[in-house]
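Next come the chains, spelled out residue by residue.
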Amino acid sequence: MANMFMALEIVLDLLLRVCDWTGDAEPPPLVNVTVHASTILAIILWNVAGEGGHPIIDFTAQYRSAMPVNGTLEAWKPISPNHISPNSRQIDVYHLEPNASYWFRVWANNVLGPGPPVEVLATTLYSDQEAELYKHFLEGAETFDTRTWVAAVCVVMGTLAVLAAGTCAVLCREWRRSGEPRP
């Protein structure tokens, strides 16, 4: 029995050496993986260091929030498309929250399986758009005169009333003409 295990170990060792010699392996880790984040969008960029002896079939990318919820990190979310073209070297990630940190990971896949994922931490930019709008919305509110607002509404309503009356007059005139005999 011991001889059989030893023979099996030798055969496995030879197979591993042959595979290493021919270069048959999963793809190596991607290199130069970077994330460029804006307020609600991030772009993941990468380069390929090798194929592992077989052509790369596709890439896979995922992300998740870096902030733990109830003491644990959320599950990885796939980035669409799930199978990124082997010619691509970047992918866009949408629907991120402003001023939030995220983990991004990407890896290559060949016929022998996935390569090791490369993880990068990035933080989206702070968006002060709502604060700016709010600040401008209330600008001059203390000096606002409601009488001006009432006058503007009266002018608009008067204009609409005149247009409605004119439209009714034209329609009545056309209706009366349609009842008259034609020469």
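Look up a bit, the structure's there.
A brief report on the enclosed structure follows. Because the structure is predicted, anything quoted here is derived from the model rather than measured.

**What to know about the packing of aromatic side chains**
Argument step 1. Counting across every chain of the model gives four aromatic pairs.
Argument step 2. Ring geometry for Tyr63 and Phe104: centres 6.3 Å apart, planes at 25 degrees, overall stacked. Here Phe104 lies in strand β6 (residues 101–110) and Tyr63 lies in strand β3 (residues 58–65), a separation of 41 residues in the sequence.
Argument step 3. On the basis of relative accessibility, which here comes to 12%, the residue Tyr63 falls in the buried class.
Argument step 4. Arranged with centres 6.1 Å apart and planes meeting at 45 degrees, the rings of Tyr102 and Phe104 form a pair that is tilted. The pair formed by Tyr102 and Phe104 is uniform in burial state, with each residue classed as buried.

**What about the pattern of salt bridges?**
Argument step 1. Under the counting rule described, the total for this entry stands at two salt bridges.
Argument step 2. Put simply, Glu74 and Lys77 hold a salt bridge, and the shortest N to O gap is 3.7 Å.
Argument step 3. Take Glu74: its relative accessible area is 26%, and that puts it in the partly exposed class.
Argument step 4. Across the pair Asp145 and Arg147 runs a salt bridge, and its minimum N-O distance is 3.2 Å.
Argument step 5. Residue class for Asp145 comes out partly exposed when judged on its relative accessible area of 29%.
Argument step 6. Look at Arg147 and you get exposed, because its relative accessible area is 64%.

The rules behind these values
Residues numbered from 1 in each chain as written. Predicted model: local features only at pLDDT ≥ 70, side-chain atom pairs only at ≥ 80, totals over all residues. Heavy atoms only, no water. Phe/Tyr/Trp six-rings, centres within 6.5 Å; stacked < 30°, edge-to-face > 60°. Helix = DSSP H or I, 4+ residues; strand = E, 2+ residues; numbered from the N terminus. Buried < 20%, exposed > 50% of the residue type's maximum accessible area, 1.4 Å probe, protein only. Salt bridge = Lys/Arg side-chain N within 4 Å of Asp/Glu carboxyl O.

Read these as layout, nothing more, since geometry by itself doesn't imply function.
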